[in-house]
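# Structural overview
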Amino acid sequence: MIRKYQQRAEQDVSGFKSPADDYLEGRLNIVDRLVIDPECTFYFQMDSNSMKTYGLRSGDLLIIDRSMKAVKGAIVVAYVNGAFHCRSYETENGRPFLKGDTDRIETTDGEVLQIWGVVTAICRNTLPSQLRKGDYERVCTL
Amino acid sequence: MFALCDCNNFYASAERLFDPALNGKPVVVLSNNDGCVIARSEEAKQCGIKMGDPEFLIRDILKKHHVNIFSSNYVLYGDISERVMKNLARWFPRLDVYSIDEAFGWLGGVQDLQTLIPKIRASVVMNTGIPVSIGVAPTKTLAKLANKIAKKSGGTMILDTPEAITKAVATFPVEDLWGVGRQYYKKLESLGIETVGQLRELPEMWFKQHMTIQGQRMWNELWGRAAIPFDNMPETTKCISVSRSFRNYIEDPTVLCEAVTLYASRAAEKLRRAGLRCLYLQVFLYTNEHREDHPQHYPSHTHKLAIASNNTHDIVKIANTVARALFMHGMKYRKAGVVATGLVHEQELQLHLFKPHDGGKLDLLSEAIDRVNLAYGRGTLRMASEGYVKSWRLKHEFLSKGYTTRWHEIIKAV
């Protein structure tokens, strides 16, 4: 995936030529590490603590890639029993099921487990509440 | 070879993507102001709901079949459409986006279409969650036809040999053919022509005489000779218009100007995005033509600007002055619109001999407003004359969320 890099400000106002001018590279952009394919990426939010042992907490931002095929051990989002569930994808005797901290979600016979997308990364805001103000208020976990 | 890729029941499918509980259930999407049906799922089609049916006339059917109703959520459809098109563009050397849910793809000398096309389809369906159908044929008209067949037979249809084409057109109803409108259909029906197979057996002269140059092109296209070129040069914009019906009738000039301010600001935004300025600005008002008991008034006026402009201040000021002049007391207005014509390129500004020019001060201001609105959401900075109550605002009672565009509206998973 080719992404555009932000253009750096060029210092031609003061006439001062920075010796670093010839060596500028695009600054690191966190999106490059979190989003694999922007056209296939969607964002959901974790709204329960049923995946705590997997390191997911309520409020975490889920980055979901639909282009990926779920394999054993992948964290996925699936629509089952009338709600979107974020769980670990497991198989047993070739039959897929979803696993959380304490629960196990299976489909009944004949029903296909419809995986909506694979969770590729999570984002969490670590700021304590007194620092979550202004620009930082909605960072990552909203 | 041309490929026509079309999303199945696009708006309904987009709503279903974020609410899979709707799968297998009838879904309809209503037009702006929740007026008419503009999209239906297969199930809704089977309930007998027709395209363009006014919502208030089919309320009983909607209730009886427990149809899920949505207001049109163009914020969502626009984003999903972009994802579908960008996914398609990865597969085709050239892609011409034909409408929000359709695109013509050009497949140069690609071999083995029978494996490639289903692969493209599967990938787009998986990556975007929107079901698409792909029809492939040597001409655009036949690709359209193939696409219609694909919709009913597994999602893909490839007509790459004369035999396959002959077989497909033999049973294809002529009324579903691209380019055959109601008028032509009536004419063909009276001649006893029901299938495209019969139609294309008619001599070329017949097409020329009865259907003009378009008909001659159609005849060639039906025989597999491409007459409509692959054209992905966007047409140059000739006019930019923003018009909407009101929720209720407007009978007060100040309220009318609020609505016109909003439409004019949108038109100005559109102009700036297209890099254009307008030289003429038309404002029109409509009363409800279906109410014979109401007095009718359809005024319209086109104002010529001294200097072509695209900044919100100029456009809104003119639109409001014109709207106020057009307004007549005692009329119940149902709709208003702003149309910008005489479009010139932003950079090619012709100044006026006798009019002072502010040197683009207001242009810079509009540019700044656009930047703020891009970062903080549409309408963050707007003209105060838009008002605050906006009781005339479009009705959208059944609007779904901006699942892919607004952080506070994303889906929550448990």
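Placed above this text is the structure.
Residues numbered from 1 in each chain as written. Chains lettered and ligands numbered in written order. Predicted model: local features only at pLDDT ≥ 70, side-chain atom pairs only at ≥ 80, totals over all residues. Heavy atoms only, no water.

### Comments concerning the overall build of chain B
Along the backbone of chain B there are 13 helices and 13 strands. Judged by the C-alpha coordinates and their principal axes, chain B covers about 70 × 55 × 50 Å. By the burial criterion, 47% of the 414 residues in chain B qualify as buried. Considering only contacts in chain B between residues 6 or more positions apart, those separated by 24 or more positions represent 67%. Carbon and sulfur atoms make up 54% of the accessible area of chain B, which totals about 21,300 Å². Averaging the positions of the 53 positive and the 43 negative side-chain charges in chain B gives two centres separated by 2 Å. (Helix = DSSP H or I, 4+ residues; strand = E, 2+ residues; numbered from the N terminus. Buried < 20%, exposed > 50% of the residue type's maximum accessible area, 1.4 Å probe, protein only. Contact = heavy atoms within 4.5 Å. Areas by Shrake-Rupley, 256 points an atom, 1.4 Å probe, with all protein chains shown as cover. Lys, Arg positive; Asp, Glu negative; His and termini not counted. Charge placed at Lys NZ, Arg CZ, Asp CG, Glu CD.)

### Focus on helix α10 (residues 204-222) of chain B
Residue and element names in this part refer to chain B. Helix length check: α10, at 19 residues, gives a terminal C-alpha distance of 11 Å against a target of 27 Å (1.5 Å per residue), a shortfall beyond 12%. Maximal helix bending in α10 amounts to about 145 degrees, located at Met-211. What α10 keeps buried is the set Trp-206, Phe-207, Met-211, Gly-215, Gln-216, Met-218, Trp-219, Asn-220, Glu-221 and Leu-222. Directly after α10, the chain includes Gly-224, whose backbone phi takes a positive value near 85 degrees. (Expected span 1.5 Å × (residues − 1). Bend = angle between axes of the 7 residues up to and from the residue.)

### Considering the nonpolar core
Of all hydrophobic cores here, the largest spans 51 residues; its most connected members are Phe44(A), Leu62(A), Val77(A), Cys86(A), Trp116(A), Phe18(B) and Leu88(B). Considering each element in turn, this core owes the most residues, six residues, to helix α4 (residues 74-89) of chain B. The contacts of Phe18(B), once residues within four sequence positions are left out, are Phe42(A), Phe44(A), Phe84(A), Trp116(A), Leu76(B), Ile80(B), Tyr403(B), Thr404(B) and Ile411(B). In this structure, Ala264(B), Ala268(B), Tyr333(B) and Met383(B) belong to the second largest nonpolar core, which totals 35 residues. (Core = buried A, V, L, I, M, F, W, Y, C linked by side-chain atoms within 4.5 Å.)

### Re the pattern of salt bridges
Under the defined criterion, the tally for this structure stands at 23 salt bridges over all chains. Of the charged contacts in the structure, one is a salt bridge between Asp37(A) and Arg90(B), with a shortest N-O distance of 2.8 Å. Taken together, the positions of Asp37(A) in the loop between α1 (31-34) and β1 (41-46) and Arg90(B) in the loop between α4 and β5 (94-99) put the pair across two chains. For Asp37(A), a relative accessible area of 10% corresponds to the buried category. A residue is classified by how much of its surface remains accessible, and Arg90(B), at 38% relative accessible area, is partly exposed. Glu82(B) is the salt-bridge partner of Lys86(B), the closest N and O atoms lying 2.8 Å from each other. (Salt bridge = Lys/Arg side-chain N within 4 Å of Asp/Glu carboxyl O.)

### Regarding the packing of helix α11 (residues 253-274) of chain B against helix α12 (residues 312-326) of chain B
Residue and element names in this part refer to chain B. One way to put it is that α11 packs onto α12 with a least axis distance of 8 Å and a crossing angle of 145 degrees. Read as a crossing pair, α11 and α12 show a hand that is right-handed. Residues Pro-253, Thr-254, Leu-256, Cys-257, Val-260, Thr-261, Ala-264, Ser-265, Ala-268, Leu-271 and Arg-272 of α11 lie in contact with α12, whose contacting residues are Thr-312, Ile-315, Val-316, Ala-319, Asn-320, Ala-323 and Arg-324. (Axes fitted to C-alpha atoms, helices over the stretch in contact; angles between N-to-C directions. Left-handed = near helix turned anticlockwise from the far one by under 90°.)

### Focus: the pairing of strand β2 (residues 27-30) of chain B
Residues in a regular strand point their side chains to alternate faces of the sheet. All names here are of chain B. Of the two faces of β2, both are covered, the one formed by Val-27 and Val-29 as well as the one formed by Val-28 and Leu-30. Across four bridges, the pairing between β2 and strand β4 (residues 68-71) is parallel. Each residue of the ladder has a partner; that of Val-27, found in β4, is Asn-68. Taking the residues that link successive antiparallel strands as the turn, the β2-strand β3 (residues 37-40) hairpin has six residues, and the phi of Asn-33 there is positive, at about 70 degrees. (Pairing = 2+ DSSP bridges.)

### Digging into the sheet that holds strand β8 (residues 156-158) of chain B
All names here are of chain B. Taken together, five strands build an open sheet; the order of strands is β5-β6-β1-β7-β8 and the sheet is mixed. In this open sheet, the two edge strands, each paired with only one partner strand, are β5 and β8. Within this sheet the neighbouring strands show an average axis-to-axis angle of 15 degrees, counted without direction. Most of the contacts of helix α5 (residues 113-128) go to strand β7 (residues 132-137), to which it runs at about 155 degrees, and overall it touches β7 and β8.

### Some thoughts on the pairing of strand β12 (residues 333-345) of chain B
All names here are of chain B. Strand direction decides the pairing type here: strand β9 (residues 240-250) and β12, joined by seven bridges, are antiparallel. Residue Arg-244 lies in a different strand from β12, and its bridge partner there is Ala-336. Where strand β10 (residues 276-287) lies against β12, 11 bridges are found, and the strand directions are antiparallel. Residue pairing for β12: Leu-281 is matched across the bridge by Ala-340.

### Some thoughts on α5(B)
Residues and elements named next belong to chain B. Under the 1.5 Å per step criterion, the end-to-end length of α5 is 22 Å for 16 residues, consistent within 8% with the ideal 22 Å. Buried within α5 are the following residues: Leu-113, Leu-116, Ile-117, Ile-120, Ser-123, Val-124, Asn-127 and Thr-128. Buried residues of α5, seen end-on, are gathered within an arc of 130 degrees and therefore sit on one face of the element. Positive phi appears at Gly-129, one or two residues downstream of α5, with a value of about 80 degrees. (Arc of directions from axis to C-beta.)

### Quick word on a negative patch on the surface
Together, Glu175(B), Asp176(B), Glu189(B) and Glu194(B) make up a region of like negative charge exposed at the surface. With respect to the helices and strands, Asp176(B) occurs in the loop between α7 (162-171) and α8 (182-190). (Patch = residues over 30% accessible without salt bridge, like charges linked within 9 Å, V, L, I, M, F, W, Y side chains within 5 Å.)

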